[in-house]
Amino acid sequence: MRWSTCYIPTLKEAPADAEVISHQLLVRAGMIRKLTTGVYSYLPLGLRAVNKVAAIVREEMELAGAREVLLPAVQPADLWVESGRWEQYGKELLRFKDRHGRDCCLGPTHEEVITDLVRGEVRSYRQLPVIFYQIQTKFRDEIRPRFGLMRGREFIMKDAYSFDRDEDGADNSYRAMYEAYQRIFKRLGMRFKAVEADSGAIGGSFSHEFMVLAQTGEDTIISCSACDYAANVERAEVLAAERVDAAPPPDMEEVFTPAQQTIEDVSAFLNLSPSRVVKTILLEADGKPLAALVRGDHQLNEIKLKNLLKLDTLRLANSEEIEDWTGAPTGFAGPVGLSIPVIADNSLRERENWAAGANKKDTHVINMSLSRDARVSRYGDIRNSAPGDLCPRCRKAVESMRGIEVGHVFKLGLKYSQALNAAFLDENGVERHMVMGCYGVGVSRVVAACIEQNHDENGIVFPPPVAPFELVLLNLDVKDPQIRAKADELYALLLSEGLDVLLDDREERPGVKFKDADLIGAPMQLVLGAKGFAKGVLEAKARRGGHKVELPLEGFVEAFREWKRSVYSAWGTA
RNA sequence: CGGAGCGUAGCGCAGCUUGGUAGCGCGCCUGCUUUGGGAGCAGGAUGUCGCAGGUUCGAAUCCUGUCGCUCCGACCA
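I will try to describe carefully the structure that is included in this document. Small disclaimer: the values here were computed from a predicted structure and weren't measured. (Residues numbered from 1 in each chain as written. Chains lettered and ligands numbered in written order. Predicted model: local features only at pLDDT ≥ 70, side-chain atom pairs only at ≥ 80, totals over all residues. Heavy atoms only, no water.)

## Some words on empty space enclosed by the protein
Here is step 1: Scanning the model with the defined rule gives one cavity of 30 Å³ or more in all.
Here is step 2: If you trace the largest cavity, you find it lined by Tyr-40, Tyr-42, Thr-137, Leu-149, Glu-154, Phe-155 and Ile-156.
Here is step 3: Breaking the lining of the largest cavity down by element, the ones donating at least two residues are strand E2 (39-42) and strand E8 (154-164).
Here is step 4: The biggest single contributor to the lining of the largest cavity is E8, with three residues. (1 Å grid on protein atoms, 1.4 Å probe; cavity = no way out; pocket = protein on both sides within 12 Å on 5 of 7 lines; lining within 4 Å. Points joined across faces, edges and corners; volume = space filled by probe spheres on them. Helix = DSSP H or I, 4+ residues; strand = E, 2+ residues; numbered from the N terminus.)

## Overview of the sheet that holds strand E31 (residues 548-552)
Here is step 1: Spatially, E28-E27-E29-E30-E31 is the arrangement adopted by the five strands of the open sheet, whose pairing is mixed. Edge positions in the sheet fall to strand E28 (501-504) and E31, since each has one partner strand and no second. When the angles between neighbouring strand axes are averaged without regard to direction, this sheet yields 25°.
Here is step 2: Those strands touched by helix H14 (residues 510-520) are strand E27 (471-475), E28, strand E29 (524-528) and strand E30 (537-542), and its axis lies near 175° from that of E27. (Pairing = 2+ DSSP bridges. Axes fitted to C-alpha atoms, helices over the stretch in contact; angles between N-to-C directions. Contact = heavy atoms within 4.5 Å.)

## Here we look at the nonpolar core
Here is step 1: Grouped together as the largest cluster of nonpolar side chains are 68 residues, with contacts concentrated most on Met-31, Met-61, Met-177, Tyr-181, Phe-185 and Leu-188.
Here is step 2: Ignoring sequence-local partners within four residues, the contact set of Leu-188 consists of Val-53, Ile-56, Val-446, Pro-463, Pro-465 and Val-466.
Here is step 3: Membership of the second largest hydrophobic core comes to 28 residues, among which are Tyr-89, Leu-93, Val-130 and Ala-422. (Core = buried A, V, L, I, M, F, W, Y, C linked by side-chain atoms within 4.5 Å. Buried < 20%, exposed > 50% of the residue type's maximum accessible area, 1.4 Å probe, protein only.)

## Points about the side chain of Lys-486
Here is step 1: Following the sequence through the fold, Lys-486 ends up in helix H13 (residues 481-496).
Here is step 2: In this structure Lys-486 touches Leu-528, Phe-533 and Leu-553, once residues within four positions along its chain are discounted.

## Digging into the packing of aromatic side chains
Each aromatic ring pair is specified by the distance between its two centres and by the angle formed by the two planes.
Here is step 1: What the rule picks out here adds up to ten aromatic pairs.
Here is step 2: With 5.7 Å between their ring centres and 75° between their planes, Trp-80 and Tyr-89 make a pair best called edge-to-face.
Here is step 3: Judged by its relative accessible area of 18%, Tyr-89 falls in the buried class.
Here is step 4: Ring geometry for Tyr-181 and Phe-185: centres 6.2 Å apart, planes at 85°, overall edge-to-face. Residue Tyr-181 and its partner Phe-185 are located together in helix H6 (residues 167-187), separated by four residues, close to a single helical turn. Across this residue pair, the class does not change: Tyr-181 and Phe-185 are buried.
Here is step 5: Clustering of aromatic rings is evident, with ring pairs tying together Tyr-178, Tyr-181, Phe-185, Phe-192 and Phe-210.
Here is step 6: Across the ring face of Trp-3, the terminal group of Arg-506 is positioned such that the distance to the ring centre comes to 4.0 Å. (Phe/Tyr/Trp six-rings, centres within 6.5 Å; stacked < 30°, edge-to-face > 60°. Lys NZ or Arg CZ within 6 Å of the ring centre and 35° of its normal.)

## A closer look at the layout of surface pockets
Here is step 1: The volume enclosed by the second largest pocket comes to roughly 370 Å³.
Here is step 2: Forming the boundary of the second largest pocket are 22 residues, of which Gln-261, Lys-279, Thr-280, Ile-281 and Gly-331 lie nearest the centre.
Here is step 3: Among the secondary structure elements, those contributing two or more residues to the lining of the second largest pocket are helix H7 (263-270), strand E14 (278-285) and strand E18 (354-360).
Here is step 4: When the residues that make up the lining of the second largest pocket are grouped by side-chain class, the tally is 13 nonpolar, seven polar and two charged. (Nonpolar A, V, L, I, M, F, W, Y, C, P; charged D, E, K, R; others polar.)

## A closer look at the protein's contact with RNA strand B
Here is step 1: Neighbouring residues of RNA strand B: 49 residues in total, closest Thr-36, Arg-144, Leu-316, Ile-322 and Asp-518.
Here is step 2: Put simply, 48% of the atoms of RNA strand B that lie within 4 Å of the protein are in sugar or phosphate.
Here is step 3: Ala-16 is positioned such that a nitrogen or oxygen atom in its backbone is 3.2 Å from a phosphate oxygen of RNA strand B.
Here is step 4: In this structure, a base nitrogen belonging to RNA strand B sits 2.4 Å away from a side-chain N or O atom of Asp-518.
Here is step 5: Put simply, the parts of the chain that give the surface near RNA strand B at least two residues each are strand E1 (32-36), E14, H14, helix H15 (530-535) and E30. (Near = heavy atom within 4 Å. Polar contact = N/O pair within 3.5 Å; in protein donor to acceptor, adjacent residues only side chain to side chain.)

## Quick word on the state of the cysteines
Here is step 1: What the rule picks out here adds up to zero disulfides.
Here is step 2: In this model Cys-227 remains outside any disulfide bridge; the closest cysteine sulfur is found in Cys-391, 3.6 Å from its own. (Disulfide = S-S within 2.5 Å.)

## Quick look at the sheet that holds strand E16 (residues 314-316)
Here is step 1: The strand order E16-E14-E15-E17-E20 describes an open sheet built from five strands, whose pairing is mixed. Of all the strands in the sheet, just E16 and strand E20 (378-380) have a single pairing partner and so form its edges. The sheet shows a mean angle of 35° between the axes of neighbouring strands, direction not considered.
Here is step 2: Pairing between E14 and strand E15 (residues 288-295): eight bridges, direction antiparallel.

## Here we look at H7
Here is step 1: Looking at H7, one finds that the buried residues are Ile-263, Val-266, Ser-267 and Leu-270. With its buried residues spanning 95° around the axis, H7 presents them on a single face. Seen from the buried face of H7, the exposed residues on the opposite side, beyond 90 degrees, are Glu-264 and Ala-268.
Here is step 2: Buried residues along H7 sit against strand E13 (253-256), E14, E18 and strand E19 (363-368).
Here is step 3: Following H7 by one or two positions, Asn-271 adopts a phi angle in the positive range, close to 55°. (Arc of directions from axis to C-beta.)

## Things to note about the packing of helix H1 (residues 21-28) against helix H12 (residues 443-453)
Here is step 1: Between H1 and H12, whose axes approach to 8 Å, the crossing angle comes to 105°. One element, H1, and the other, H12, form an angle in the roughly perpendicular class. Listed contacts from H12 to Ile-21, Ser-22, Leu-25 and Leu-26 of H1 are Val-447, Ala-448, Ile-451 and Glu-452.
Here is step 2: Of the residues that constitute the contact of H1 with H12, the class distribution is six nonpolar, one polar and one charged. (Parallel < 35°, antiparallel > 145°, perpendicular 65-115°, else oblique.)

Have a look at this one:
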């Protein structure tokens, strides 16, 4: 492609609304433009990157035995009513009516549609297993879209669905997809980690998320420093606490703690470590009040709590409810004398002597024993794992890191096949429900995550497999007919080498071309100018690392191939 | 959903407090010069100041409403 004919509107400045680096660079490199909140248009360069990712995803899906389909974006409500999700799914599901007044929605995911399709087609165990996938635009009306392509409302997703005769078959499909995902992200040249994820209310037996490691990630990963255990913090199991101090405290005392509402305030005021203070969190669980206790230095994990108590809904109480249930304004809640159910984290068993709110304005209690002075209905693992906790597998310390979720594999089991009655006849003529799995890759998010991971002060540093163009050939002297002829010749040569080449044939000053080439992040740059031409060389620069070498124009192809090999092998993506 | 902020040229912004000819930088167009890391000079084009009302002789500026966008929070007990 010639730059002059490929629309690449690069920008010197980032738009004011771009917060994260990937968003800024995507806009500056002329890859995307915003239409409205969380909705972006892909310009030629952006689409090329998306298509690069999609191509690799397609290859690996086909290798894993999945077959491509394309399902409708607009879906009838009936199907969602049938699965129960018309009620269950929140505001993220964009609903509307057609001209006849029929309820419709824009597909945020396609379990209903694919299950409907398959139940109409598959009748016999002989037709199973089957895996379908599609690459398609999804719409989720997120509460707060942000970070450009990282959390858009409209985004491009590869979603796959497997249908099996039985659990074993479903496990095989799951494994095949898990392995395909490992290959996909490896081939894309990303630093990633597959982590155990919450399978929650859906009740599947297991689920893994594929996380691209990046500081800007919205997810926290707990990962063992010694073994290969890794899990989303939502799920990461915390081993039950050991008792460090079993001595019963002296009598409980009230302490006047005016305006000391946060754990930090209180622990500083009482001169106690936050780990000696009980944090009491009031929630509404399935419409009823509930108090959850964790150590002051820990964080409540609402997903674990929800799973532990098998709750459908869980939300934090508002200040009126807190006052109503505890008899004190916010900041002074505690377990003593509460008449609502109290769930405590396992760590609160480690000692007997605690400080806590007294359920009385400006008052806390010290020397509080949960067994003596309060009533705890149940203990359990309801807190977030934190660095220093012991690995549930090998008991070495875990560490925490941030990740961007780019893939999720999920064993669904019978949830949708039962709800929508997707059944087949087995070899004994017995009707059985198909065992399902679903598998997603956020294709557009992968591009953003890739940039988060690969950039420098000059712009994007694309790994070769994702780069819209693998190589930019910069002609610095387009007005010189000799050099232009040479550039054209090299361009044709590089194309015949099977490369995606962008020839910068614009009438721009060299500085502009260098800046733009860096910005759009092509892994390889070849620079042809009058100086080098006179010497019979052109300059080759690897975008990553910036290392420059001169390649001879005489015998160029061989020298180039060798250089290219070195650039690619540095990426580990030959 | 709660809180905060912003809508002025394609992009980034000033002007608004104290009402009186709509500005700056980048980009864009023309010409000359320049040409290996976002050129210089000269000339030029581009705005319903988000929209709708209101106040006023007069509104980008003040008031009301509305729409859009962004950020923060929703882990606080």
